[in-house]
Each structure stands twice: as structure tokens, then as C-alpha cells.
Amino acid sequence: MSFTLSPEAVQVGSPKSRLVIVTNHRGAPGTFQCDYESRLLSTSNQVIGCGSSRNKWIEGDNTKAFFAALIEALLALPVGSNVELISTLQYAVTELCRTAEQRRATDYIKSNGNLLEDHAAYKRIDEIVETKNMVLSARAPHGYEERCHIQALKSEAPQAPKGRSFWGGVMKQTFEKRGRLRAALAQKLRLKPDQQTKCSVPGCVALAEKSAGTGLARFHCRYHAQLKARHGSHWHGTYRASELEPYIKCAELWMADHRVDPAYRGAYWDLEHFMASTGRVDSAMNLRGQSAEYRARVAFARIRTAEIPTRRLVGIYLAVTALIEDDFGSPRTREFRLVQAAKAVHRLASGTHRKWDVWDPRTGGTRKTELHAYPRSSGHVLRKIGEALEKACDELARAALPEIIAMRTERFGPHPSHPPIAKAS
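Please read all numbers here as calculations on a predicted model, not as lab measurements. (Residues numbered from 1 in each chain as written. Predicted model: local features only at pLDDT ≥ 70, side-chain atom pairs only at ≥ 80, totals over all residues. Heavy atoms only, no water.)

## With respect to helix α10 (residues 241-257)
- Over its 17 residues, α10 extends 24 Å from the first C-alpha to the last, a length consistent with the 24 Å expected when each residue adds 1.5 Å.
- All of the buried residues along α10 are Leu244, Pro246, Tyr247, Ile248, Cys250, Ala251, Trp254 and Met255.
- Turning to α10, the residues buried within the fold contact α11 (262-276), α13 (310-326), α14 (334-346) and α15 (380-412). (Helix = DSSP H or I, 4+ residues; strand = E, 2+ residues; numbered from the N terminus. Expected span 1.5 Å × (residues − 1). Buried < 20%, exposed > 50% of the residue type's maximum accessible area, 1.4 Å probe, protein only. Contact = heavy atoms within 4.5 Å.)

This is the structure:
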């Protein structure tokens, strides 16, 4: 690592020159190694000095590389130079806008009483500036031209060659081993032609998962096995909100009439205490690889953070149970009821939504950027959410079910699956 000056830099002398520093991580995710590129520009935007760390990695984050580049450039510059530092590292720029006397007056301690991060680097910079009688100022890049120059300089920073990273090689070996194990398991599970069976769902002619060697299901194909994981049934889909809405309205009316009933109060406070103990909310991007219990807890925590009332959850469970009981064409299994209740509750607040401003190179201003991430509404996590609802509301559902169905029939008519009642001629 070295900073090289051109002959013009020595001749420039006192006029202000601009020092541009950019840093760039390289290596596998999780490593703390960084590179930097630095350029010294004259008043006419001519490059009169350059430095980089092409042959050595700096252990640490962007700040460590930034200070290494700055100290290297200050040591190479002639005595009496007037340097204006330009960098996107905002917290370092903010601190360097202060004078050395101000930092020494506070003994390099921040206003909150903690020691300034990288205080040794700041001390070294102050010593160099005073010894060489320099003038040092700092600022962030201004305008479209300077931002484009920063971006172009950042693209010149060294990148890690493919296959060089240790963790990249480990992950590649892990994926290859996983693929070999999966192929061996599929070959072992594949049945002989005389033992193969087709999917048991009427109308489906595909081979069962175990017969096709794509899974462990003996009587259902891959499509219908995934359908059950998502909807709770091999052949019935999820109820639409329009189908569930009449039952939710009737369940809310029933709860309003029975709000002092011991069964309702017990279910309400049981679920209320459970919601209060779910803990903090985690981002939807961090749920991959977590257990079903953890993801179910985060789903309830997200509902609590969205300030959705607990009586809404109780009403949804009662409505789903009543709809399944009133629909003559629905599966009457416990798993289907749990999954349908969980999916209806999960839709209330299921994703992570973020907004921020980013710099727009076309206009030089900022524009709005949004991120919307949603966790998968499928698998074992839906069963865990449904079990939590069932534990609190199952006894209440048994008592309220007949009245909710009768109220729905009276207000909205019978369910479409019911056969029409013959009228006397």
C-alpha cells in the first residue's frame, strides 16, 4: 500500500486540492476485510496523486480502510498542503469537520461519555496535520458530477476473485454434498414398476411421490402433497375473504351479545395473555431456516404490533369453524380447520414493509424506494398458528357454533352448498 504523487502535485503547493477516498468490501459474506481507492485532484480536476490497497487486505470495516487511506495520503503530501477531503463515510466526515483543538479539549470523548471510535486514528491524523502545517477540511460529495466520480472510483476498487473465498468454497461443497444425498435418497425411495401407485385424488393420473421418486407420500402426487401443505387439504383450496365475511360479521354480533359470558371471557383473556408473551417482531427476511414455533410466534408478534384487537382473532376462529361446519363440501378434518384459521389470521399482518430515499443519478435528487417482503404462508408454521388459536377458542367454538350458523342463515341465507328446499305447490 502506497500513495504516489505526480510532479504536478509538488508544484501545486498551497492551492486547495481535493482528496477523494472510497472503500469497498470484498470476500465472502461475514468477513471483515476491505479495500480502498484514493485520488488527489487539483483545482482543474486533474489526478495528481493516487493510492490503493491492491496487494493487501485491511482487517476491519469501511472505517479502518478509510483511515488507512487518509493517513497514507497525508504522509505523502508536501508540507503546507491545503486538502479538502471528500468521502461518503458520513460519521468520519462529520468528526473531521471539527478541529484538532476541539477533539483534544474533549479528550477524544463523545458527548454521551463514550470514547470516540478510532480515537487513535484521529490522534495520528491531528499529529500529521500539525507537524506538516497542513489545512484539512472534510465534506460529503456534492452534485451529480462528484457522485458519478465516486461511483466510478468505487468500481475500480479490487474485488475478490471467484473461488478465492474460504466460505464460498465451503458452501459450494455443502450444496454439492446435499445434491448427492438427495439423488441417492430419491434412488432408494423409487419403487419398482409393479409397486408404483397413482395419486389417490379422483381425476389425477400422476404417480404418487414415492412411486415417482420425488418424495415420501405413498398415495398422493407432488402437486396434491404441496396443496395440502399450503391449504390443509389434498383437494380443497383456501376460502376466499368474501366467503368468510358473513360468518365473521355474525361471530362479532354473537360476541357482542355474550361479552360477559365466562366462556368468551376465558377464551379472550387466554389469547390476550398469549399475544402479550410473543416477544419482539423479526423481519420477514430473517425467517428462512427458523423453526415453525419461532415463525408462528413472530406472526403473532407482528399482529400485536399492528394493533389488531384480540377479539378479531377470536371472531375469525369462530367464523372459520362455522363456515367449515356449514359447508357441505368442505373437509371436516382438524388439520383443515387449523390451517384455514391460521391463513385468515396470517393475512391480517403478514409482511415486512420499509420505505427510504435513495439518490437518483439522473436528476441528482432523491426518489422513494419501497421493500415489501412476505413470509411463506405454507407448511408446519400454519399448524402451529392454528394450534394456538384452537387452544384458546376451541371450547368457545363448541358453544357458539349453532347460534352463529343460525344467525348467518337468517341474515344472509343458507350456504350455497345446501340443496334448495322444495316448496309446496
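## Re the packing of α13 against α15
- Two numbers describe how α13 lies on α15: the axes approach to 8 Å, and their chain directions differ by 60°. What the angle tells us is that α13 and α15 run oblique. Our pair here, α13 against α15, has a crossing hand that is right-handed. Residues Leu313, Val314, Tyr317, Leu318, Thr321, Ala322, Glu325 and Asp326 of α13 touch α15, and the partners they reach there are Leu389, Glu390, Cys393, Asp394, Leu396, Ala397, Leu401, Ile404, Ile405 and Arg408.
- Tallied by class, the residues present in the contact of α13 with α15 amount to 12 nonpolar, one polar and five charged. (Axes fitted to C-alpha atoms, helices over the stretch in contact; angles between N-to-C directions. Parallel < 35°, antiparallel > 145°, perpendicular 65-115°, else oblique. Left-handed = near helix turned anticlockwise from the far one by under 90°. Nonpolar A, V, L, I, M, F, W, Y, C, P; charged D, E, K, R; others polar.)

## Some details on empty space enclosed by the protein
- Scanning the model with the defined rule gives two cavities of 30 Å³ or more in all.
- Empty space within the second largest cavity amounts to approximately 30 Å³.
- Thr238, Tyr239, Leu244, Val320, Gln340, Ala344 and Arg347 are the residues that line the second largest cavity.
- In terms of residue class, the lining of the second largest cavity is built from four nonpolar, two polar and one charged. (1 Å grid on protein atoms, 1.4 Å probe; cavity = no way out; pocket = protein on both sides within 12 Å on 5 of 7 lines; lining within 4 Å. Points joined across faces, edges and corners; volume = space filled by probe spheres on them.)

## What to know about the packing of aromatic side chains
- Applying the stated criterion to the full structure yields five aromatic pairs.
- With centroids separated by 5.2 Å and ring planes inclined at 85°, the aromatic side chains of Tyr268 and Trp269 adopt a geometry described as edge-to-face.
- Judged by relative accessible area, Tyr268 falls into the partly exposed class, the value being 22%. (Phe/Tyr/Trp six-rings, centres within 6.5 Å; stacked < 30°, edge-to-face > 60°.)

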